[in-house]
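Survey of secondary and tertiary structure
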Amino acid sequence: MYGLLPRLLRQYDRSLQRYPLLVKSITSSAICGSGDVFSQIVIEKSDKLNFRRSFNFSILGGFLVGPTLHVWYGNLARWFPGQSAKATIKRTIADQFVFAPSFLAVFITCHSIIEGKYNLATQHLSDRWATTVVANWGLWIPAQIVNFRFTPVAYQVLVSNITALAWNTYLSWSAH
């Protein structure tokens, strides 16, 4: 068991180098689904797990969150190269004040649609967007400063996904 974690990390690293988009998408899918499960069990104290709901969150993670963050973080690294304090601040400002508000609007809308609530998508966006963006800033500004400053670009989606376990728990709880 002692050598299992290092072996898993090496395998993850090899897979990430060969298939970056696929690995980030699968990781995002697992983290989004796990955040929903955690929300249902720990926060909402549900007696019965809603597998469809967790599946929907996993789908959003794999097909929306992972691919989008893969492209976005790559662009941030090109636009603001390096990990200096100046580059970190620029990336964080772009991420949190340009990307996050628009991405959260897309996420909230897609979540409503994937749950079959097409007619409520606009209402959900109106009701949830502003409070979600403010909550996002409380968690993600400090998290992204650390991520952009100290994490190699190839692993920034992974580090974000680890933080996202807490974030996805909040998103799932606030959406239900």
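The structure contained in this document is the topic of the report that follows. Nothing here was measured: the structure is a model prediction, and the numbers come from that model.

Brief notes about the nonpolar core
- Counting 23 residues, the largest nonpolar core has Val65, Leu69, Trp72, Tyr73, Leu76, Phe103 and Phe107 as the members making the most contacts within it.
- In terms of residue count, the dominant contributor to this core is helix H3 (residues 51–79) (eight residues).
- Not counting the four nearest positions on each side in its chain, Val65 is found in contact with Ser28, Cys32, Leu60, Phe103 and Phe107.

Structural notes on the environment of Ala94
- With respect to the helices and strands, Ala94 occurs in helix H4 (residues 85–114).
- Setting aside its immediate chain neighbours within four residues, Ala94 contacts Trp72, Leu76, Phe80 and Phe99.

Quick notes on the pattern of salt bridges
- Scanning all chains against the criterion turns up three salt bridges.
- Between Asp36 and Arg53 there is a salt bridge, with its nearest N and O atoms 2.6 Å apart. Highlighted residues: Asp36 in helix H2 (residues 20–43) and Arg53 in helix H3, separated in sequence by 17 residues.
- Its relative accessible area of 0% is what places Asp36 among the buried residues.

Notes on the packing of H3 against H4
- Remark: H3 packs on H4, axes separated minimally by 11 Å, with the N-to-C direction vectors making an angle of 155°. Taken together, the axis directions place H3 and H4 in an arrangement best described as roughly antiparallel. The element H3 and its partner H4 pack so that their crossing is right-handed.
- Partitioning the contact of H3 with H4 into residue classes produces 17 nonpolar, three polar and three charged.

Scoring rules and cut-offs
- Residues numbered from 1 in each chain as written.
- Predicted model: local features only at pLDDT ≥ 70, side-chain atom pairs only at ≥ 80, totals over all residues.
- Heavy atoms only, no water.
- Core = buried A, V, L, I, M, F, W, Y, C linked by side-chain atoms within 4.5 Å.
- Buried < 20%, exposed > 50% of the residue type's maximum accessible area, 1.4 Å probe, protein only.
- Helix = DSSP H or I, 4+ residues; strand = E, 2+ residues; numbered from the N terminus.
- Contact = heavy atoms within 4.5 Å.
- Salt bridge = Lys/Arg side-chain N within 4 Å of Asp/Glu carboxyl O.
- Axes fitted to C-alpha atoms, helices over the stretch in contact; angles between N-to-C directions.
- Parallel < 35°, antiparallel > 145°, perpendicular 65-115°, else oblique.
- Left-handed = near helix turned anticlockwise from the far one by under 90°.
- Nonpolar A, V, L, I, M, F, W, Y, C, P; charged D, E, K, R; others polar.

Keep in mind that these numbers describe shape and distance, not what the molecule does.
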